[in-house]
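So the chains spell out like this:
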Amino acid sequence: DQLDIPLKYIIKKPTNHAGKQNVLYFMHAYMQSLSDYKNHVINQFGDNFITIILQAPYETSLASCDFSWFDFDISGSDTIFNENHLNESLEKILFCIDKIIEKEKISPARIFVGGFSQGGTMACKLALEYPDVVDGFIVHNAKLPNVYQIRTDKSEYKRLRGLVINGKYDKILNPINSKQIANTFLALGAKIQSKELEIGHEFPKLSRDVINDWMVMNN
């Protein structure tokens, strides 16, 4: 009874997974894959919620085993996203949210999306355009999508809670991008917690610890 799920994924369920559980869908960075999150990394996510790591759909080069959510070009100080890729990836993530719950026989309490770097941009895009689909989001060292649609009814954002993490020494994405993300959602009425870590453009155990603490607070 395999369902047609467009993205590969790995999953970690709590030891006691009876009853309703919070679910976190997490998206990796540019030029990463599920292999970067297997074993100890996915196991460092908390045991009080279900963690699902999604793999991006686009291989960066033939047989590279590195994947992206969207292509991009850097022109001067501007970053131009491939909007077709961005929108297609978003549709696949949205489709996976329901289909994986069905396949894995999960009874969701709350649904969260999150991501690191390019994966964080995808989480932003989803939360901005589909605030009714998720209860919260996590973005780590990420950038707002260049183009996104805001709901006409701003009250839909008031139920959203978000965690915005940035690395103080990030040389890939200026920390100002995280401030822009936080301010965008705050202006829409979402409840946002911002956290600056003494790291660069990386996703260490410290980051997972911060995420775990925040997920406990929102349990």
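This text goes with the structure placed above it.
These numbers were taken from a predicted model, which means no experiment stands behind them.

Caption draft 1: Here's a closer look at the overall build of the protein. Scanning the protein from N- to C-terminus turns up 5 helices and 11 strands. Rg of the C-alpha trace for the protein: 16 Å, near the compact-globule value of 17 Å for 219 residues, within the 12% margin. Considering only C-alpha atoms, the protein reaches an extent of 50 × 45 × 35 Å along its principal axes. Per-residue burial over the protein gives 53% buried out of 219 residues. Across the protein, contacts joining residues at least 24 apart in sequence account for 75% of those joining residues at least 6 apart. Carbon and sulfur atoms make up 49% of the accessible area of the protein, which totals about 10,300 Å². With 24 positive and 26 negative side-chain charges, the protein shows a separation of 6 Å between the mean positions of the two kinds.

Caption draft 2: Up close: the nonpolar core. Judged by nonpolar contacts, the single largest core of 45 residues is most densely connected at Y25, I52, L54, W69, I93, V113 and F185. Of all the secondary-structure elements, those providing two or more residues to this core are β2 (21-27), β3 (50-54), α2 (83-103), β8 (108-116), α3 (118-129), β9 (136-140) and α4 (176-188). Residues within four places of I52 in sequence aside, it is in contact with Y9, I10, I11, V23, L24, Y25, F26, I100 and I106. Counting 23 residues, the second largest nonpolar core, distinct from the first, contains Y37, I53, W214 and M215.

Caption draft 3: Focus on the pattern of salt bridges. Here the structure, examined in full by the defined rule, presents 8 salt bridges. With a shortest N-O distance of 2.9 Å, R151 and D132 are connected by a salt bridge. Here the residue R151 occupies a position in the loop between β9 and β10 (161-167), and D132 occupies one in the loop between α3 and β9, the gap between them amounting to 19 residues. A salt bridge links E198 to K168; its shortest N-O distance comes to 3.7 Å. Of this pair, E198 sits in the loop between β11 (191-197) and α5 (205-217) while K168 sits in the loop between β10 and α4, placing them 30 residues apart in sequence. A residue is classified by how much of its surface remains accessible, and K168, at 40% relative accessible area, is partly exposed. A single salt-bridge network, built from bridges that share partners, covers D132, R151 and E156.

Caption draft 4: Region of interest: the pairing of β9. Judged by how many residues are buried, β9 sits mostly within the fold: 5 of 5 residues are covered. Across the two faces of β9 the burial is the same, with G136, I138 and H140 and F137 and V139 all buried. Note that β8 and β9 share 5 bridges and pair parallel. Residue pairing in the sheet places G114 in a bridge with I138 of β9. Sheet topology places β9 next to β10; 5 bridges connect them, and they run parallel. Counterpart to G136 in the pairing with β10 is R161.

Caption draft 5: Spotlight on the packing of α2 against α3. In the contact formed by α2 and α3, the axes pass within 10 Å of each other and the chain directions differ by 70°. Taken together, the axes of α2 and α3 are roughly perpendicular relative to one another. Residues E83, L86, N87, S89, L90, I93, L94 and I97 of α2 form the contact with α3, whose own contacting residues are M122, K125, L126 and E129. Looking at side-chain class alone, the contact of α2 with α3 contains 7 nonpolar, 2 polar and 3 charged residues.

Caption draft 6: Looking closely at the side chain of S178. Checked against the element boundaries, S178 lands in helix α4. For S178, a relative accessible area of 5% corresponds to the buried category. Setting aside anything within four residues of it in sequence, one finds S178 in contact with A142, V164, I165 and N166.

About the cut-offs
Residues numbered from 1 in each chain as written. Predicted model: local features only at pLDDT ≥ 70, side-chain atom pairs only at ≥ 80, totals over all residues. Heavy atoms only, no water. Helix = DSSP H or I, 4+ residues; strand = E, 2+ residues; numbered from the N terminus. Rg over C-alpha atoms; globule rule 2.2 N^0.38 Å. Buried < 20%, exposed > 50% of the residue type's maximum accessible area, 1.4 Å probe, protein only. Contact = heavy atoms within 4.5 Å. Areas by Shrake-Rupley, 256 points an atom, 1.4 Å probe, with all protein chains shown as cover. Lys, Arg positive; Asp, Glu negative; His and termini not counted. Charge placed at Lys NZ, Arg CZ, Asp CG, Glu CD. Core = buried A, V, L, I, M, F, W, Y, C linked by side-chain atoms within 4.5 Å. Salt bridge = Lys/Arg side-chain N within 4 Å of Asp/Glu carboxyl O. Pairing = 2+ DSSP bridges. Axes fitted to C-alpha atoms, helices over the stretch in contact; angles between N-to-C directions. Parallel < 35°, antiparallel > 145°, perpendicular 65-115°, else oblique. Nonpolar A, V, L, I, M, F, W, Y, C, P; charged D, E, K, R; others polar.

Purely geometric numbers; function is a separate question.
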